[in-house]
Amino acid sequence: MRLLTVVLPTYNESKNIPILIERLTKVLAKIDYEILVVDDNSPDKTYEVVDQIGSKNSRVRCIRRIHERGLSSAVMTGMASSSAKFYAVMDADLQHDEAILPGLLKAVNEEGFDLAVGSRAAEDGSFGEFSRLRRFISWTATMLAKMLLPVNVKDPMSGYFMVSREIFQQAEEKINPLGFKILLEFLGRVPGLKVKEVGYTFRNRVHGETKLSGSVIRNYIVALMDLRFGHLVSPIFVLYCLVGASGIIVYIVTVAIGDSLGMPLIRDVWPAPFNALPSSWLLGFGLSVTNNYVWNNYITFHERRHKSLALLAGFATFFLISLIGLLIQTSVSYLLAATGLFATHAGSGINRAIGITVAVITNYYLNLNFTWRKTRR
Ligand code: GDD
Ligand code: MN
């Protein structure tokens with residue numbers, strides 16, 4: 001059995017990968033290792049560059065994935081396709097210092113640690129010239145992780161670590177391979193790991209660019225909620241509720257402003273009793289539905305979001321479902337009031353709250369199945 005497989009996830013790293021492989025060959029000269037590049041069919045044909053090197057160097061192998069995308073999932077694919085005793089994971093863009101690899105290996109192979117982390121926050125470690133914005137994102141992500149999970153690693157956002165095959169097998173089925181935070185998944189899914197942090201200085205990227213994007217950050221938050229509360233409630237539903245809450249704020253503010261500006265009642269246009277409604281109400285409803293649609297489309301249902309023309313159909317469906325929700329909410333409140341179970345007035349706090357709760361849940365499922373239904377590719 002091979003001692004070490006170095007898993008290198010790549011997306012458009014054709015300029016970096018030959019340099020990294022050369023450096024790894026030097027650092028790992030005394031070790032029984034293999035380099036496994038997992039490339040997601042990069043447009044710059046990184047996989048071809050690796051295959052070329054692999055044809056002359058039997059330690060180098062490439063998996064080209066066509067139908068899957070994502071850093072964490074590439075790492076999982078790499079680990080699952082090798083039976084080495086230990087796996088190293090590192091970025092292929094030369095930002096991780098390969099010089100500490102032997103130190104990481106020693107920690108898991110000789111010093112009895114379950115996991116070794118290449119750490120920018122540990123002693124001898126540094127974020128280097130990481131931009132202020134990126135440092136802030138990393139800091140916030142780390143804070144959130146520490147607040148929600150029992151993690152006492154200083155750099156849980158590191159994409160540089162080493163782990164045994166044994167631990168990988170324990171984590172494999174539980175890991176959510178979405179996004180960038182693969183180390184956090186290990187730390188969160190396998191409690192009680194003995195972890196060593198080895199400091200290194202994060203380097204600047206020279207070739208190519210980062211793939212960290214808004215959607216990676218959104219997926220991170222979903223994944224954190226899933227790690228912490230996933231056994232209780234779906235993180236997508238939580239996001240949906242948060243968006244709904246923002247819609248209520250939009251509604252209240254609009255109506256308050258509208259009323260203070262003296263917006264008129266909807267007279268003449270609609271039949272009784274609707275003609276007694278203030279037009280500020282109509283505006284508030286419209287704006288809050290629009291607000292909810294936009295946030296749900298870009299955040300809650302990000303993977304299934306509508307683009308260009310589909311936005312119109314999506315918004316129309318969402319609007320219709322919101323009207324149905326309004327109908328459900330008022331009917332439930334009025335019915336409850338009629339039974340007099342809690343209070344006899346439909347507008348009373350409790351009747352209204354129950355109406356809203358029922359409508360939120362039915363609308364969630366309606367939106368899940370209609371507005372943002374899964375489309376088959
Ligand atoms: N196969 C595959 N598929 N590889 C990917 C993908 C993908 O969808 N997205 C990124 N990669 C590869 C890149 O080619 C690179 O080798 C490595 O994953 C890291 O990607 P970067 O885009 O360079 O990430 P970063 O430098 O912004 O983020 C790094 O630092 C973060 C903490 O600040 C990574 O190490 C993250 O894991 C880490 O959380
Ligand atoms: Mn990078």
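Residues numbered from 1 in each chain as written. Chains lettered and ligands numbered in written order. Predicted model: local features only at pLDDT ≥ 70, side-chain atom pairs only at ≥ 80, totals over all residues. Heavy atoms only, no water.

Caption draft 1: Layout of the coordination of the manganese ion (ligand 2). Every protein donor of the manganese ion (ligand 2) is accounted for by Asp93 (OD) and Gln95 (OE1), and the metal-donor separations fall at 1.9 to 2.0 Å. Under the relative-accessibility criterion, Asp93 is labelled buried at 4%. (Donors = N, O, S within 2.8 Å, 3.2 Å for Na, K, Ca; no water. Buried < 20%, exposed > 50% of the residue type's maximum accessible area, 1.4 Å probe, protein only.)

Caption draft 2: Local environment of the packing of aromatic side chains. Counted by the stated rule, this structure contains 18 aromatic pairs. Centre to centre, the rings of Tyr160 and Tyr200 are 5.3 Å apart; their planes meet at 85 degrees, and the pair counts as edge-to-face. Placement of Tyr160 in the loop between helix 5 (132–148) and strand 6 (161–164) and of Tyr200 in the loop between strand 7 (195–199) and helix 8 (214–229) is noted, with a sequence separation of 40 residues between them. The two residues Tyr160 and Tyr200 agree in class, both being buried. Measuring from centroid to centroid gives 4.5 Å for Phe301 and Trp372, while their planes differ by 15 degrees, and the two rings are stacked. A residue pair is termed long-range when its members are at least 10 positions apart, and Phe301 in the loop between helix 10 (279–300) and helix 11 (310–339) and Trp372 in the segment after helix 12 (349–371) qualify at 71 residues. This pair shows no difference in class: Phe301 is buried, exactly as Trp372 is. Put simply, the rings of Phe237, Tyr240, Trp281, Phe285, Tyr293, Phe301, Phe315, Phe318, Phe319, Tyr364, Tyr365 and Trp372 pair up and form one aromatic cluster. For the cation-ring pair, Arg59 lies above Tyr33, with the distance from its terminal atom to the ring centre recorded as 4.5 Å. One residue, Arg69, lies across the ring of Tyr11, its end atom 3.7 Å from the ring centre. (Phe/Tyr/Trp six-rings, centres within 6.5 Å; stacked < 30°, edge-to-face > 60°. Helix = DSSP H or I, 4+ residues; strand = E, 2+ residues; numbered from the N terminus. Lys NZ or Arg CZ within 6 Å of the ring centre and 35° of its normal.)

Caption draft 3: Seen up close, the domain arrangement of the protein. Considered domain by domain, the protein is made up of domain 1 (4–229) and domain 2 (235–371). Taking only C-alpha atoms, the centre of domain 1 and the centre of domain 2 are 44 Å apart. Of the roughly 600 Å² buried between domain 1 and domain 2, counting both surfaces, carbon and sulfur atoms make up 70%. Here domain 1 and domain 2 share one salt bridge between them. (Domains from an automatic or database assignment. Buried area = accessible area lost by both parts, 1.4 Å probe. Salt bridge = Lys/Arg side-chain N within 4 Å of Asp/Glu carboxyl O.)

Caption draft 4: Quick peek at a nonpolar patch on the surface. A contiguous nonpolar patch, built from Phe136, Trp139, Met143 and Met147 and spanning about 480 Å² of accessible area, is present on the exposed surface. Among the structural elements, Trp139 can be located in helix 5. (Patch = residues over 30% accessible without salt bridge, like charges linked within 9 Å, V, L, I, M, F, W, Y side chains within 5 Å. Areas by Shrake-Rupley, 256 points an atom, 1.4 Å probe, with all protein chains shown as cover.)

Caption draft 5: Structural detail: the site of ligand 1. Ligand 1 sits among 25 residues. The nearest are Glu13, Asp40, Asp91, Thr210 and Lys211. A distance of 2.9 Å separates an oxygen atom of ligand 1 from a polar atom in the backbone of Tyr11. Between ligand 1 and Thr210, the relevant distance is 2.4 Å, taken from an oxygen atom to a side-chain nitrogen or oxygen of the residue. Mapped onto the shell around ligand 1, the elements with two or more residues apiece are strand 1 (4–10) and helix 3 (71–80). (Near = heavy atom within 4 Å. Polar contact = N/O pair within 3.5 Å; in protein donor to acceptor, adjacent residues only side chain to side chain.)

Caption draft 6: The packing of helix 9 (residues 235–260) against helix 10, seen in detail. One can describe the packing of helix 9 onto helix 10 by two numbers: an axis separation of 8 Å at closest approach and a directional angle of 155 degrees. Judged on the interaxial angle alone, helix 10 and helix 9 are roughly antiparallel. Along this stretch, helix 9 crosses helix 10, giving a crossing that reads as right-handed. Looking at the contact of helix 9 with helix 10 residue by residue, the classes come out as 13 nonpolar, 12 polar and one charged. (Axes fitted to C-alpha atoms, helices over the stretch in contact; angles between N-to-C directions. Parallel < 35°, antiparallel > 145°, perpendicular 65-115°, else oblique. Left-handed = near helix turned anticlockwise from the far one by under 90°. Nonpolar A, V, L, I, M, F, W, Y, C, P; charged D, E, K, R; others polar.)

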